[in-house]
Amino acid sequence: LKPFWLEIDREHSLGIHSGVYSCLMSSLSATPQGPVPSEYVAVGNLRVNPTLHHTVEKTVCPGTGFSTNYFWSCLDQVVTELRPELERCLAKRDELQSRIDGWYEEGKKRGADLSQPEFRPACREFLKEIGYLCEDKGPVNVTTQFVDDEIARVPAPQLVVPSDNARYVLNAVNARWGSLYDALYGFDVIPAYAVTSSGVEVNASKGGGYNPMRGEAVIDFANGFLDEIAPLTGGKWSQVCRVWPKYVGTVQRLQLLLEDGSTTSLRTPSLFVGSQGNLGPPDAGPNTKKISTSTSPCVPDQGRIFLKHNGLYLILEIDRSHPIGKAALSGIKDITAESALTAILDMEDSVSAVDAEDKCRIYSNICGIFSGTLEAPFLKDGKAMTRRMRHDVWYRDDKGNTCTIPGRALALVRNVGHHMFTDMVLTADGKQVPEGFVDCLVTTAAALQDLRGTGRLMNSREGSVYIVKPKQHGPDEVALTSRLFGRAEEFFGLRRNTIKMGIMDEERRTSANLRECLRQASERVFFINTGFLDRTGDEIHTCMLAGPVVKKADMKKQNWIQSYEAGNVDVGLHCGLQGKAQIGKGMWAKPDSMKDMLDGKISELMAGASTAWVPSPAAATLHSLHYHHVNVPERQMQLAMRPAAKIELLLEPPLLAQKLTDEEIGHELKENAQSILGYVVRWIDLGIGCSKVPDLSNVGLMEDRATLRISSQLMANWLHHGVVSEMQVRETFHEMAKLVDQQNAREPNYIPMSTNPEQSPAFQAALKLVLEGKKAPNGYTEYTLHEFRKKIKGDVTLMAKM
């Protein structure tokens, strides 16, 4: 018998869901078009929102050497040249999805159980036939040049921040350095009752003010950490009472005095790389009672000792005049840990940016980072203060030479995906332009001050611009991005491949063809990253008609995700990313559960990642400890020897193997409906794109559009396959709206949904994401969110005018 997938005629498969296909084509592939507002500024063939025009004129272009008119002429050219190719790529997405839908539907008509392993070869052959799986063209060798060490050579945490909030952006770029003591003291890493190094159990709860017992537990933790990564030739760090640099010939070595009067040193002397401040040798003998704590009469120790381990700096902050330093035997008041070496300034999933006003706030913040001028005023204890970017850190090395370390994380910028169009720039005939084209030119123009050294502070010491490009489906779209970056380089007179590309491996077709994607960007890729959340959303949508999928909590147990996570590392290592680019893993979603993160997130380094995402500066500092525990390059060398992950497992849909109980179904419905409503109401009503949203159990989770994509697609899948009814969905949403209202009762300007759900834009948007989730292009939530957020903003503007 002929396999059923070979019997499906191409035209028949396209016609199976002609209504859905037409909807997809109209909403995704065709450029949105409408009348040109009269207030728009005419610049050549473009019509530009006056707010954006003003921002480009006053913020983006000054200091670049290029005029505003030249900027718009560049955008006009790139839209004319590349929009047809972009539209072809989007049409290809629609065509492939329609044919996959047809294949699954035909298989189910024939009684096939598509969850069984025997259908993996059939699936693979079908996907090859339709062009979903690309031809294997052999090995790929990534040759990216001029990549900063923070990306190419030093594994470390990566912070992701919504770029629409200047204070958050500054916090992120300043998170290169973090207080280990603060991170330990402020979170659950230190339990309420802790056992000290002397074996005594103490009350270490945070309480209202400073708890010395908790402070002692923090110091014990830090000493244990130092014992592990910087062991002494004799004794323990908890026994150290003085620390100072001492010349041995022409090179300084770190000397330490123990409480018994003996001196010791580092077992690995090269870990000490320099110092700063007044740190002299002790001026007393072995009797500890006579040991002075001063470098000279009446002057207490005050200085910094710089250690470097696995490429990351640790600064021992010694200050015996400080309350903590005075109480500590060693005089160490804190350990400043090099933490988030890179920070992604996000224009995409973590922001709510639906118009020129929103986007210009983002663009202004990006320009401020690259020029080194971004500031954010704020109040603290009733006092007006201003947050700014940190300056570089300097010290004297072990030979007495002056050295500097960057004071800020290397800034990367995530633009929007190819599927987004914007009405802040229109062509003369009213067609919206691809938003990613605008993002690319603004990001590159903003970075010119950094590249030319005219900014106050430096970002890339290698003279590169780092743009993370999300939501790319396969090699053709990566090639399109590369061409876009190439044109931007030509427009602004930059060296070829100055603009580096970060590839988010978060769409199924990219995962299945990752090596060919890297081939298309082999000279400019600096980053590949697995994004479990978005990737799961696309997995559900791609396999929407295959059958009901497993519960959200069970997704990480499925074969496809094991293959996905391993395959990303395998491809990256085999294509030579080590020493040239990052291999990344996803976000830690529980910002208050730092103990769990400290226990669990080390597994991502053991899986081969050279960076992983964290939600806050404190999380970056704590996660940085993992990079001291694991030698990432060595671990990657070990993993490079294993057999590559099998693509057959990657293509296996995550379908339910057995029927769920009514109780299980009800709980899953509530969990996902509550998650959707909790996120959407803040996005639509308050314009908050990323925040800590309480879950069904009131545990705060970091939510962005990726988590929304999973929940809405899972519920749409169950609705389509009859696991739940529309009535059940509606009833659950009404029930969960009451809970979400209670959870947000103290939120300023919050508008309850449950009092009048039919008139609540947020409630209706959340419901639409599920009821129409099956036909949402690739399961994306952006279109619905933008639609309802624009309505809210329009209503507010109208009321203001009245």
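The rules behind the values
Residues numbered from 1 in each chain as written. Predicted model: local features only at pLDDT ≥ 70, side-chain atom pairs only at ≥ 80, totals over all residues. Heavy atoms only, no water. Pairing = 2+ DSSP bridges. Helix = DSSP H or I, 4+ residues; strand = E, 2+ residues; numbered from the N terminus. Axes fitted to C-alpha atoms, helices over the stretch in contact; angles between N-to-C directions. Buried < 20%, exposed > 50% of the residue type's maximum accessible area, 1.4 Å probe, protein only. Arc of directions from axis to C-beta. Contact = heavy atoms within 4.5 Å. Polar contact = N/O pair within 3.5 Å; in protein donor to acceptor, adjacent residues only side chain to side chain. Phe/Tyr/Trp six-rings, centres within 6.5 Å; stacked < 30°, edge-to-face > 60°. Lys NZ or Arg CZ within 6 Å of the ring centre and 35° of its normal.

A. Up close: the sheet that holds strand β7 (residues 240–248). What the three strands build is an open sheet, ordered β7-β8-β9; its pairing is antiparallel. Of all the strands in the sheet, the pair left with one neighbour each is β7 and β9 (263–265). For this sheet the average axis-to-axis angle between neighbouring strands, irrespective of direction, equals 35 degrees. The pairing of strand β8 (residues 251–258) with β9 spans three bridges and is antiparallel. Looking at the pairing, L257 lines up with T263 of β9.

B. Examining unusual backbone geometry more closely. Backbone geometry at D381 places phi at a positive 55 degrees, although glycine is not the residue there. Summarising the element assignment, D381 is placed in the loop between β17 (375–380) and β18 (383–388). D381 gets classed as exposed once you look at its relative accessible area, which sits at 75%.

C. Geometry of helix α22 (residues 632–639). Every buried residue of α22 is accounted for by V632, Q636 and L639. Axial view of α22: buried residues confined to an arc of 60 degrees, hence all on one face. Exposed and facing more than 90 degrees away from the buried side of α22 are E634 and M637. On its buried face, α22 sits against α18 (559–574), β27 (582–587), α20 (602–606) and α21 (617–629). By the N-cap criterion, in which a side-chain oxygen at the helix start approaches the backbone nitrogen of a residue two or three places on, α22 is capped by N631, the distance to E634 being 3.2 Å.

D. Region of the structure containing the packing of aromatic side chains. Tallied over the entire structure, the rule returns 13 aromatic pairs. Each ring, one from W177 and one from Y313, has its centre 6.4 Å from the other, and the planes form 50 degrees; the classification is tilted. With a gap of 136 residues between them, W177 in strand β4 (residues 177–179) and Y313 in strand β14 (residues 312–319) connect regions that are remote in the sequence. With relative accessibility at 6%, the residue W177 sits in the buried group. These aromatic residues form a ring-pair network of at least three members: W177, F306, Y313 and Y395. Just above the ring of Y185 sits the side chain of R214; from NZ or CZ to the centre is 5.4 Å. Geometry around F532 places K556 over its ring, the cationic atom sitting 4.8 Å from the centre.

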